[in-house]
Amino acid sequence: MDATPNTASAKLTVGDKSWDLPVRQGTIGPDVMDISKLYGQTGMFTYDPGFTSTASCESQITYIDGDEGVLLYRGYPIEQLAENGDFLETCYLLLYGELPTAAQKADFDLSVTRHTMVHDQMNRFFTGFRRDAHPMAIMVACVGALSAFYHDSTDISDPQQRLIASIRMIAKMPTLAAMAYKYHIGQPFVYPKNDLDYSSNFLNMCFAVPCEEYKVSPTLSKALDKIFILHADHEQNASTSTVRLAGSSGANPFACIAAGIACLWGPAHGGANEAALKMLSEIGHPERIPEFVNRAKDKNDPFRLMGFGHRVYKNYDPRAKIMQQTCHEVLSELGIKDDPLLDVAVELERVALHDDYFIEKKLYPNIDFYSGITLKAMGFPTAMFTVLFALARTVGWIGQWKEMIEDPGQRIGRPRQLYTGATRRDYVDMAKRK
Ligand code: SDX
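No experiment lies behind these values; they were computed from the predicted model shown.

The rules behind each value
- Residues numbered from 1 in each chain as written.
- Predicted model: local features only at pLDDT ≥ 70, side-chain atom pairs only at ≥ 80, totals over all residues.
- Heavy atoms only, no water.
- Near = heavy atom within 4 Å.
- Polar contact = N/O pair within 3.5 Å; in protein donor to acceptor, adjacent residues only side chain to side chain.
- Areas by Shrake-Rupley, 256 points an atom, 1.4 Å probe, with all protein chains shown as cover.
- Nonpolar A, V, L, I, M, F, W, Y, C, P; charged D, E, K, R; others polar.
- Axes fitted to C-alpha atoms, helices over the stretch in contact; angles between N-to-C directions.
- Helix = DSSP H or I, 4+ residues; strand = E, 2+ residues; numbered from the N terminus.
- Parallel < 35°, antiparallel > 145°, perpendicular 65-115°, else oblique.
- Left-handed = near helix turned anticlockwise from the far one by under 90°.
- Contact = heavy atoms within 4.5 Å.
- Phe/Tyr/Trp six-rings, centres within 6.5 Å; stacked < 30°, edge-to-face > 60°.
- Buried < 20%, exposed > 50% of the residue type's maximum accessible area, 1.4 Å probe, protein only.
- Lys NZ or Arg CZ within 6 Å of the ring centre and 35° of its normal.

**Q** Explain the site of the ligand residue by residue, including any values.
**A** Neighbouring residues of the ligand: 24 residues in total, closest His234, His310, Arg311, Arg319 and Arg393. Within the side chain of His269, a nitrogen or oxygen atom sits 2.9 Å from an oxygen atom of the ligand. Take Lys361: an N or O atom from its side chain is 3.0 Å from an oxygen atom of the ligand. Against a free-state accessible area of 1000 Å², the protein chains account for coverage of 78% of the ligand. Partitioning the shell around the ligand into residue classes produces 10 nonpolar, seven polar and seven charged.

Here's what the structure looks like:
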């Protein structure tokens, strides 16, 4: 892939020396200064911990405009995809770059459906965990273990094996996630059913029990499908960058996705939906909101409003708006009139959006702010929230991994550092140490 070649350049001057850095333009979004040869030319590194100003790669999958609150998957606005399509259509789009025709969609759905089962020996893998193991710990372990079962899709140099590994990941994540949930609550595993659509299948595997018929609510299934679309991909976020870096060494796709799951678990990232719900529960009542808002503003207090703020969005996260609408749809479908957590969330959002601190720092609710309330209402325990995020983000991870592997310019990622440690010194015998 190559962005539009440019003749523009940026001039870097250090002392009496200067260098021209090529400037490359994408189709939309900020231009980049190509510094790939900077060290060779200048003997200096750039320094950007947290990568606030660094483009790690070229990609054609997802575009975010943080100032305008825009999110595009392969150019299509997230609002339109969430409104008009289903999650597997979004998966096809993210993987192949175009919306599927009816025939392509039918083939893709069937292919995913036919890969939803996991090797039955995976069941024995679960029994090694305590019942109160966090489901994310189980997911990291089980997804990494998939490479032990699927030797026919770990040769990343083979396009066919890359494709089957992608389909397997998308297909098996709901099954493993449901198994993690069932194991957590001590109920028997429920096998996937090929006559159910993707999200209905997942709800059935989570909430069906052998003793009686379980009827999937079409409204809840559609709402969950929409939630999966919102979480599918998000440019070069921390977990996607983890998957890319792991993949750059040639590691198999299952191991790379396991690395992404591990990174997503953090409360600053995908773990924020679990943390946001715990925060709303801790606040408990709208009258306690000022106390928590003041804590969030207090530099000496590590407390932050979970579900607020974003590295890229300095406007409303477009996904949060859709998430809020979906939250209301789910609560009304379930006949939940007054959810105290929702009351706290709505009031907290109102207070924060009118507070100078949040306005000045451009802190808005992000996707994690309303997702926890929605998932809790659907019957998922808090510990499962990030598992559902990982389930949905798997297509983004695998799509970005595939794009990286198929980029002819791909090399192992190996950042450098600014070293401020001890200069060279000789070993001191124990007897001489003070
Ligand atoms: C996701 O990257 C992605 O795309 C991620 C994601 C995806 O789809 O993959 O969108 C999913 O991870 C969403 C974010 C979920 N995390 C949370 O909701 C946790 C709470 N938010 C923060 O921890 C924080 O906002 C981050 C981690 C999301 C962003 O951190 P940044 O970009 O490093 O911003 P920062 O920490 O430098 O904050 C800038 C300022 C700081 O104040 P100053 O030091 O400048 O005085 O804003 C303050 C922060 O103290 N701040 C907050 C705050 N978030 C930032 N203050 C109070 N509450 C908050 N939530």
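**Q** Outline the packing of helix H14 (residues 318–333) against helix H17 (residues 367–378), listing residues and values.
**A** In contact at an axis separation of 8 Å, H14 and H17 are set at 20 degrees when each is read in the N-to-C sense. The angle between the axes of H14 and H17 places the two elements in the roughly parallel class. Our pair here, H14 against H17, has a crossing hand that is left-handed. Where H14 approaches H17, its residues Arg319, Ala320, Met323, Gln324, Thr326, Cys327, Val330 and Leu331 are matched on the opposing element by Ile367, Tyr370, Ser371, Ile373, Thr374, Ala377 and Met378.

**Q** Talk me through the packing of aromatic side chains; I want residue IDs and the actual numbers.
**A** Taken as a whole, this structure holds 22 aromatic pairs when the rule is applied. With 6.2 Å between their ring centres and 55 degrees between their planes, Phe126 and Tyr183 make a pair best called tilted. Placement of the pair is Phe126 in helix H5 (residues 122–126) and Tyr183 in helix H7 (residues 159–185), with a sequence separation of 57 residues. Assessed through its relative accessible area of 0%, Phe126 is described here as buried. Taking the relative accessible area as the measure of exposure, Tyr183 reaches 7% and is therefore buried. When the ring of Tyr316 is compared with that of Tyr364, the centres are 6.1 Å apart and the planes differ by 50 degrees; the resulting orientation is tilted. One end of the pair, Tyr316, is in the loop between helix H13 (289–297) and H14; the other, Tyr364, is in the loop between helix H16 (356–360) and H17, with 48 residues separating them in the sequence. Residue Tyr316 is classed as buried on the basis of its relative accessible area, which comes to 11%. Here Tyr364 falls in the partly exposed class, since its relative accessible area comes to 27%. Grouped by ring-pair contacts, the aromatic residues Phe87, Tyr181, Tyr198, Phe202, Phe207, Tyr214, Phe228 and Phe380 constitute a single cluster. Directly above the ring of Tyr183 sits Arg131, whose terminal nitrogen or CZ lies 4.1 Å from the centroid.

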